[in-house]
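If you want the building blocks of each chain, they are given just below.
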Amino acid sequence: MGHENITEFILLGLFTDENVKASCFVLFLLCYIAILSGNLLILLTIRGSCLSEQPMYFFISYLSLMDVCFTSTVAPKLIIDSLAQQKTISYNSCMAQMFYAHFFGATEIFILVAMAYDRYAAICRPLHYMVIMNRQVCYVLVMASAMGAFSHSIMQVLIIIGLPFCGPNQIDHYFCDVFPLLKLACTDTRLWVIAIITTTGVLSILTFVALVISYIIILSTLRTRSSEGCRKALSTCGSHITVVFMFFLPLIFTYVPTADSVRNDKVFALFYTMIVPMFNPLIYTLRNTDMKNAMRKVWG
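Residues numbered from 1 in each chain as written. Predicted model: local features only at pLDDT ≥ 70, side-chain atom pairs only at ≥ 80, totals over all residues. Heavy atoms only, no water.

Q: What exactly am I supposed to notice about the pattern of salt bridges here?
A: Side-chain pairs of opposite charge can arise where the charged atoms are in close proximity. Applying the stated criterion across every chain yields a total of 4 salt bridges. Taking the shortest distance from any N to any O, the salt bridge between D81 and K77 comes out at 3.2 Å. You can see D81 and its partner K77 sitting in helix 2 (residues 55-81), 4 residues apart, about one turn around the helix. On the basis of relative accessibility, which here comes to 7%, the residue D81 falls in the buried class. A salt bridge links D118 to R119; the shortest N-O distance between them is 2.9 Å. Relative accessible area serves as the criterion here: at 0%, D118 is assigned to the buried category. With relative accessibility at 12%, the residue R119 sits in the buried group. (Salt bridge = Lys/Arg side-chain N within 4 Å of Asp/Glu carboxyl O. Helix = DSSP H or I, 4+ residues; strand = E, 2+ residues; numbered from the N terminus. Buried < 20%, exposed > 50% of the residue type's maximum accessible area, 1.4 Å probe, protein only.)

Here you go:
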């Protein structure tokens, strides 16, 4: 059992081409700086203004925090490795990276669900909204998201820890993830692959479908409303739906296998580890007057 012979893995990274490396380093570094500054700006703006009293912004601030944490489990290593000759990672660091990436990623998914519930309560149950979404409920939802994510992540780690690694140690990816690690195990892992695809894959798809349906219900409710309130709510829901699509589609493609899986996996993973966290702040602020006003107040 375990990893008697292997104490470290080699990450093959995104590109094998030497000429691409320097430009990748600059590009990813800029992306990471943008992710940190954008999300921290949102986090501090919400916390520093009266927006934090509204459930929606309460969740958005946690979403920004998750983006920062999630990207920070993957990006620093990716940036340093884009210049390094030998991209090694110790067995324990690899397990930790896998755990935290899954933990922050899954928490983010559950918070997106909480946000859909919040919009549903605000638009479809406006008279009871303050009762349905009181501060205690908000905290419970965030805690439940973290607990759900914890159980998901610990399961992934337990699966990998139980596998023997004796031979090859080259991970065809730029961070430690379940599928690339399963490929390296010295035992038949087909059952585990099927198990993970059914749990994570099906959960992702169900969550995605549930989110889309809930926003459809919300939008159909809005059709019957007055124009001004309707426009504002539409723009809010529009930005939420954009984030949901950007986050879930690459995720579903990763966990629902296709023929040329690994090659695409890295590209899809890049999408939800770097690109989505970078656009989240833009999506939530650009179309949002409350947010812009709060920024002027806090930073002006």
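There is more to say after this.
Q: Before we go on, may I ask you to explain the environment of A106 in this structure?
A: Within the secondary structure, A106 is located in helix 3 (residues 91-124). Considered as a pair, A106 and M147 are 41 residues apart in the sequence and their alpha carbons are 9.8 Å apart. Apart from the residues within four sequence positions on either side, A106 is in contact with A149 and H152. (Contact = heavy atoms within 4.5 Å.)

Q: Got a minute to help me understand the state of the cysteines in this structure?
A: In a disulfide, the sulfur atoms of two cysteines are covalently bonded to one another. By the definition in use, this model includes 2 disulfides. One disulfide in the model links C94 with C176; its S-S distance is 2.0 Å. Disulfide C94 to C176: torsion about the S-S bond roughly -115°, handedness left-handed. Within this pair, whereas C94 is found in helix 3, its partner C176 is found in the loop between strand 3 (170-171) and helix 6 (178-184), the two being separated by 82 residues in sequence. (Disulfide = S-S within 2.5 Å.)

Q: Any chance you could explain the environment of Y57 here in plain terms?
A: For Y57, the position within the fold is in helix 2. The exposure class assigned to Y57 is buried, which follows from its relative accessible area of 2%. When the C-alpha positions of Y57 and A144 are compared, they lie 18 Å apart, and in sequence the two are 87 residues distant. If sequence neighbours within four positions are ignored, Y57 has contacts with I46, L51, N288, D290 and M291.

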